[in-house]
Amino acid sequence: MTVLVTGSRGRVASTLLGLLDAAGIKAKAASKNPTDLSPPPGVDTVRCDLTDPATFDTALTGVDSVFLYAEAGHAEAFADRARAAGIEHVVLLSSSSVLAPDAAENPIAASHLAAERALSAAADTGAFEATHLQPGAFATNALQWARALRSGRGPALPHPNAYGDPIHERDVAEAAFAVLTEPRLRGSSYLLTGPESLTFVEQLAILAEVTGRPAPHTVVTPEEWKASVTGFMPELFADALLSYWATHDGRPTPLTRTVEELTGHPARTFAAWAADHEADFRP
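Residues numbered from 1 in each chain as written. Predicted model: local features only at pLDDT ≥ 70, side-chain atom pairs only at ≥ 80, totals over all residues. Heavy atoms only, no water.

Draft legend 1. Spatial organisation of the sheet that holds strand β6 (residues 129-135). With respect to topology, 7 strands assemble into an open sheet ordered β3-β2-β1-β4-β5-β6-β9, the strand pairing being parallel. Every other strand in the sheet has two partners, leaving β3 (44-47) and β9 (189-192) as the edge strands with one partner each. When the angles between neighbouring strand axes are averaged without regard to direction, this sheet yields 20°. With 5 bridges joining them, strand β5 (residues 89-93) and β6 adopt parallel strand pairing. The residue of β6 that forms the bridge with Val 91 is Thr 131. Of the strands in this sheet, β1 (2-5), β2 (26-31) and β4 (65-69) touch helix α1 (residues 11-22), which is tilted by about 160° from β4. (Pairing = 2+ DSSP bridges. Helix = DSSP H or I, 4+ residues; strand = E, 2+ residues; numbered from the N terminus. Axes fitted to C-alpha atoms, helices over the stretch in contact; angles between N-to-C directions. Contact = heavy atoms within 4.5 Å.)

Draft legend 2. Looking closely at the pattern of salt bridges. In the structure shown here, the tally under the stated rule is 15 salt bridges. In this structure, Asp 52 and Arg 47 form a salt bridge, with 3.9 Å as the shortest nitrogen-oxygen distance. The partner of Lys 226 in a salt bridge is Glu 235, and the shortest N-O contact between them spans 3.0 Å. Look at the salt bridges and you will find they share partners, linking Asp 57, Asp 80, Arg 81 and Arg 83 into a network. (Salt bridge = Lys/Arg side-chain N within 4 Å of Asp/Glu carboxyl O.)

Draft legend 3. Spatial organisation of the side chain of Thr 211. Looking at the secondary structure, you find Thr 211 in helix α7 (residues 200-211). A polar contact of 2.7 Å, which involves the side chain of Thr 211, links it to the backbone oxygen of Leu 207. A polar side-chain atom of Thr 211 sits 3.3 Å from the main-chain amide nitrogen of Arg 213. Apart from residues no more than four positions distant in its own chain, Thr 211 is found in contact with Glu 278, Phe 281 and Arg 282. (Polar contact = N/O pair within 3.5 Å; in protein donor to acceptor, adjacent residues only side chain to side chain.)

Draft legend 4. Structural view of the environment of Gly 187. Considering the arrangement of structural elements, one finds Gly 187 in the loop between α6 (169-181) and β9. Residues Gly 187 and Thr 61, 126 residues apart in the sequence, show an inter-C-alpha distance of 22 Å. Apart from the residues lying within four places of it in its own chain, the contact partners of Gly 187 are Ala 130 and Thr 131.

Draft legend 5. Geometry of the packing of helix α3 (residues 75-84) against helix α4 (residues 107-124). In contact at an axis separation of 8 Å, α3 and α4 are set at 30° when each is read in the N-to-C sense. Considering their axes alone, α3 and α4 lie roughly parallel with respect to each other. Both α3 and α4 take part in a crossing whose hand is right-handed. Residue-level contacts link Ala 75, Glu 76, Ala 79 and Arg 83 of α3 to Ala 115, Ala 118, Leu 119 and Ala 122 of α4. Its residues assigned to classes, the contact of α3 with α4 comprises 6 nonpolar, no polar and 2 charged. (Parallel < 35°, antiparallel > 145°, perpendicular 65-115°, else oblique. Left-handed = near helix turned anticlockwise from the far one by under 90°. Nonpolar A, V, L, I, M, F, W, Y, C, P; charged D, E, K, R; others polar.)

Draft legend 6. Quick peek at the packing of aromatic side chains. This model, assessed by the stated rule, comprises 7 aromatic pairs. Both rings, one in Trp 225 and one in Trp 245, keep their centres 5.0 Å apart while their planes meet at 75°; by these two values the pair is edge-to-face. Of the two residues, Trp 225 is situated in helix α8 (residues 222-228) and Trp 245 in helix α9 (residues 235-247); the sequence distance between them amounts to 20 residues. The two residues Trp 225 and Trp 245 agree in class, both being buried. (Phe/Tyr/Trp six-rings, centres within 6.5 Å; stacked < 30°, edge-to-face > 60°. Buried < 20%, exposed > 50% of the residue type's maximum accessible area, 1.4 Å probe, protein only.)

Draft legend 7. View of the nonpolar core. Counting residues in each nonpolar core, the largest one holds 31 residues, and the members touching the most others are Val 5, Leu 16, Phe 67, Leu 192 and Leu 262. When residues of this core are traced back to their parent elements, those giving at least two are β1, α1, β2, β5, α6, β9 and α10 (258-263). When residues in this core are grouped by element, the largest group, 7 residues, is from α6. Among residues more than four places away in sequence, those in contact with Phe 67 are Val 3, Leu 4, Val 5, Thr 6, Val 12, Ala 13, Leu 16, Val 91, Leu 93 and Ala 176. In this structure, Cys 48, Leu 68, Phe 78 and Ala 130 belong to the second largest nonpolar core, which totals 25 residues. (Core = buried A, V, L, I, M, F, W, Y, C linked by side-chain atoms within 4.5 Å.)

Draft legend 8. Layout of α4. When the terminal C-alpha atoms of α4 are compared, their 26 Å separation across 18 residues agrees well with the 26 Å that a helix rising 1.5 Å per residue should span. Of the positions making up α4, those classed as buried are Ala 109, His 112, Leu 113, Ala 115, Glu 116, Ala 118, Leu 119 and Ala 122. In the core, the buried residues of α4 are packed alongside β4, α3, β5 and β6. Capping the start of α4 is the job of one residue whose side-chain oxygen sits 2.8 Å from the backbone nitrogen of Ile 108: Asn 106. (Expected span 1.5 Å × (residues − 1).)

Draft legend 9. Quick peek at the environment of Pro 39. Relative to the elements of secondary structure, Pro 39 occurs in the loop between β2 and β3. When the C-alpha positions of Pro 39 and Thr 15 are compared, they lie 9.6 Å apart, and in sequence the two are 24 residues distant. When sequence neighbours within four positions are dropped, the list of residues in contact with Pro 39 reads Ala 29 and Thr 45.

As structure tokens, then:
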């Protein structure tokens, strides 16, 4: 088996490449800029720009399975070229946001939902099998607080008591490895969560305990927060995040045991993630 791993600069994809290599499974590391990649020794790199269908055929040559990041713009084209290349299995890194009632109108969920639908439509014709991984909140989202915490200020939060289900990127990669290498797991959708439902305040407390440094925060209004991100976040995305946090303010997130069912071990805690990334929060 040869696996094409798209988005190989990403944390999940780069971890998956290491898992495949350690298991002796041939992989191709794909990225828009493959010269920037540092895959395990002996792993070939290839250009695959998910916004440019002209790069798909070369990337898919000699491949049996694909780990695919969700890019809605050309998902149908990718499915078509995967069918033409004889791909057997595509594993999509989707999002739990696709399960929301308003997913099609939500700018964060819509791209994942469109990619899921494109792959499922192709799978329904017998082109290949499609598996969807639907993680909730990535623990790595906490890295957006790192600069403020290193300075001693801490993040400004509009909904500090909003709950999330932070999942370690390695657990997502190991789930992907499981569905890529175990045929009986193919063809389903898997909702992945961390093992705990935690508020932002609770996550900050864990970071303080792990790093031995204060992890304060300030409370701002949604309008103030939105104004602070105007320079680097589209307004629609900011509004979607604010809506999500408001919906989950004071409401714990339902959890699954899917990571354990797929990988054979419980999902890693946020404290374990913080310990793995402790250096990112130190001056």
